[in-house]
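Below, each chain spelled out in residue letters.
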Amino acid sequence: MVDTLTKKENKYLDNLKKLPPLERLIYFIKEREFVRLKKEAGEPKPWTVDPILQRYRFTCVCRMDDKVSQWLLKNWYEPYFDHPNMLVACVMARHFNQPHALAEVGFPQKWMPKVFGKKLRAMKESGKTIFNGAYMVRGIESSDKTEMVLDWVCQPIVDNPPKIDTSSMEKSVEALMPYWGLSSFMAGQVVADLRWAVTGTWKDKCHWAAIGPGSKRGMNRLLERPKEAPMKQVEFTKHLNALTDTLMKRLPTDIAVKLEAIDIQNCCCEFDKLERTLFEGRRPKQRDHIVTGK
């Protein structure tokens with residue numbers, strides 16, 4: 001499972017395994033948020049006694065608390081709030097999802113894909129990473145990945161922009177999904193950013209979030225079904241709302257008041273990662289995020 005554990009750590013995980021799935025999720029949400037608060041307060045490491053959370057990277061409970069989201073909020077979304085190019089900026093931001101690469105390109109006040117591509121390829125040739133592996137980016141074997149994002153995904157949105165309904169996360173995701181490279185999950189991530197970057201009421205922000213592969217598996221685990229059991233968006237939304245009602249009652253108020261549907265969807269995804277590490281011995285791809293503070 002994880003690296004060599006002490007007897008105390010093994011006992012800790014054995015006790016965690018005995019909890020029902022919902023209790024493990026509630027435990028994870030509270031413990032991960034406590035880790036964030038301890039880290040931000042400058043407390044010394046380790047910030048948790050949980051051996052899995054110590055060794056592997058898990059995103060924050062509130063999506064906008066994560067490092068990349070915070071960078072985007074402070075450097076792109078707040079300074080350029082309501083900019084006419086904000087939609088394509090969000091699409092580009094979440095496909096690359098790498099702050100130093102996005103800083104090199106700069107916010108796209110003017111859409112200049114050739115200039116952006118030249119800068120990004122120069123970074124790559126110098127040995128710098130221009131993509132963050134947090135999201136799976138659809139690619140074409142014969143195409144340069146940078147060119148693919150700029151020309152195949154972003155350019156059609158510039159040429160023929162969708163009609164975004166800023167009263168609805170769901171309708172905005174539906175407007176993006178016909179575009180190449182934008183699955184429901186990735187479209188959901190883009191709209192989740194738009195919610196902080198353009199004026200809107202986003203009336204369903206606490207009731208609807210796009211299903212993704214990880215959140216589907218996490219929800220199935222909570223329902224004690226096979227993790228790969230099929231689940232459509234409508235069913236996921238029903239279970240997400242029921243889970244939201246439960247979490248609002250069970251979580252500390254200072255955590256509950258921050259959570260929107262996208263955050264709970266994200267917690268389902270991270271819960272799947274916790275469960276497969278705990279029960280299947282499958283290590284998450286990214287390690288040491290909490291231990292090292294990187």
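To keep things clear, this report deals only with the structure shown in the data block. (Residues numbered from 1 in each chain as written. Predicted model: local features only at pLDDT ≥ 70, side-chain atom pairs only at ≥ 80, totals over all residues. Heavy atoms only, no water.)

## Quick look at the side chain of Arg 24
Spelled out, the test is: Runs of E in the DSSP output that reach at least two residues are strands. Runs of H or I that reach at least four are helices, and both are numbered from the N terminus. In this scheme, a residue with accessible area under 20% of its type's maximum is buried, one over 50% is exposed, and one in between is partly exposed, where area comes from a 1.4 Å probe on protein chains only. We call two residues in contact when some of their heavy atoms are within 4.5 Å.
Inspection of the secondary structure assignment puts Arg 24 in helix H2 (residues 21-40). The buried category is assigned to Arg 24, whose relative accessible area is 5%. For Arg 24, the residues in contact, after removing those within four places along its chain, are Leu 16, Lys 17, Leu 19, Phe 271, Glu 275, Leu 278 and Phe 279.

## Considering helix H7 (residues 113-125)
Selection criterion: In this scheme, a helix's expected span is set at 1.5 Å multiplied by one less than its residue total. To obtain the arc, one takes the directions from the helix axis to the C-beta atoms.
The first and last C-alpha atoms of H7 sit 18 Å apart over 13 residues, in line with the 18 Å expected at 1.5 Å per residue. Listed as buried for H7 are Pro 113, Phe 116, Gly 117, Leu 120 and Met 123. Down the axis of H7, the sector holding all buried residues measures 125 degrees, keeping them to one side. In H7, the exposed positions that point more than 90 degrees away from the buried face belong to Lys 114, Lys 118 and Glu 125. Contacts made by the buried residues of H7 are with helix H5 (86-96), helix H6 (99-105) and helix H8 (145-159). Downstream of H7 by a residue or two, Gly 127 has a phi angle that is positive, lying close to 95 degrees.

## Some points on the pattern of salt bridges
The condition is simple: Here a salt bridge means any side-chain nitrogen of Lys or Arg lying within 4 Å of a carboxyl oxygen belonging to Asp or Glu.
Evaluation of the coordinates by the stated rule reveals 20 salt bridges. Put simply, Arg 94 and Asp 193 hold a salt bridge, and the shortest N to O gap is 2.8 Å. In this pair, Arg 94 sits in helix H5 while Asp 193 sits in helix H10 (residues 184-194), placing the two residues 99 residues apart along the sequence. Put simply, Arg 217 and Asp 272 hold a salt bridge, and the shortest N to O gap is 2.9 Å. Taken as a pair, Arg 217 in helix H11 (residues 213-222) and Asp 272 in helix H14 (residues 261-280) lie far apart in primary sequence, 55 residues in all. Ionic contacts of the salt-bridge type, sharing partners, join the residues Arg 217, Arg 221, Lys 227, Asp 272, Arg 276 and Glu 280 into one network.

## Some words on the packing of aromatic side chains
Aromatic ring pairs are described here by two measures, namely the spacing of the ring centres and the angle between the planes. Our working definition: For Phe, Tyr and Trp, rings pair up if their centres lie within 6.5 Å, where Trp contributes its six-membered ring, and each pair is then called stacked (planes under 30 degrees apart), edge-to-face (over 60) or tilted (otherwise). Sitting over a ring, as applied to charges here, requires NZ of Lys or CZ of Arg to be within 6 Å of the ring centre and within 35 degrees of the ring normal.
Enumeration according to the criterion identifies 8 aromatic pairs in this entry. Aromatic rings pair up to connect Trp 71, Trp 76, Tyr 80 and Phe 107 into one cluster. Across from the ring centre of Trp 196, 4.0 Å away, lies the NZ or CZ of Arg 195, which sits over that ring.

## Observations regarding the packing of helix H4 (residues 67-77) against H5
Here is the rule we go by: Orientation is described by axes fitted as lines to C-alpha atoms, over the contacting stretch for helices, and by angles from 0 to 180 degrees between their N-to-C directions. Orientation labels follow simple angle bins: below 35 degrees gives roughly parallel, above 145 gives roughly antiparallel, 65 to 115 gives roughly perpendicular, and whatever is left gives oblique. Crossing handedness is read from the near helix: turned anticlockwise from the far helix by less than a right angle, it gives a left-handed crossing, and turned clockwise, a right-handed one. When residue character is reported, Ala, Val, Leu, Ile, Met, Phe, Trp, Tyr, Cys and Pro are called nonpolar, Asp, Glu, Lys and Arg charged, and the others, Gly included, polar.
Look at H4 against H5: their axes get within 12 Å of each other, and the N-to-C directions meet at 150 degrees. In this view, H4 runs roughly antiparallel relative to H5, as classed from their interaxial angle. Considering the relative orientation of H4 and H5, their crossing is right-handed. Within the contact between the two elements, H4 uses Val 68, Ser 69, Leu 72, Trp 76 and Tyr 77 and H5 uses Met 86, Ala 89, Cys 90, Met 92, Ala 93 and Arg 94. Residue classes in the contact of H4 with H5 are distributed as 9 nonpolar, 1 polar and 1 charged.

## Structural notes on empty space enclosed by the protein
Where we set the bar: Only protein atoms enter the 1 Å grid, on which a cavity is a set of points fitting a 1.4 Å probe that cannot get out and a pocket is an open set with protein on both sides within 12 Å along at least 5 of 7 lines, lining residues being those with an atom within 4 Å of a point. Grid points are joined across faces, edges and corners, and a volume is the space filled by probe spheres set on the points.
Applying the stated criterion across every chain, the model contains 1 cavity of 30 Å³ or more. There is about 40 Å³ of room inside the largest cavity. Met 169, Val 173, Gly 188, Trp 208, Ala 209, Ala 210 and Ile 262 are the residues that line the largest cavity. Looking at side-chain class alone, the lining of the largest cavity contains 6 nonpolar, 1 polar and no charged residues.

## Points about unusual backbone geometry
A cis amide bond links Lys 45 with the next residue in sequence, Pro 46, at an omega value of -5 degrees. Assignment of secondary structure puts Pro 46 in the loop between H2 and helix H3 (51-55). With a phi angle near 45 degrees, Trp 202 is a residue other than glycine that sits in the positive phi range. Tracing the backbone shows Trp 202 in the loop between H10 and H11. Within the chain, Glu 224 stands out as a residue other than glycine whose phi angle is a positive 60 degrees. Relative to the helices and strands, Glu 224 is located in the loop between H11 and helix H12 (233-250). Classification of Glu 224 as exposed rests on a relative accessible area of 66%.

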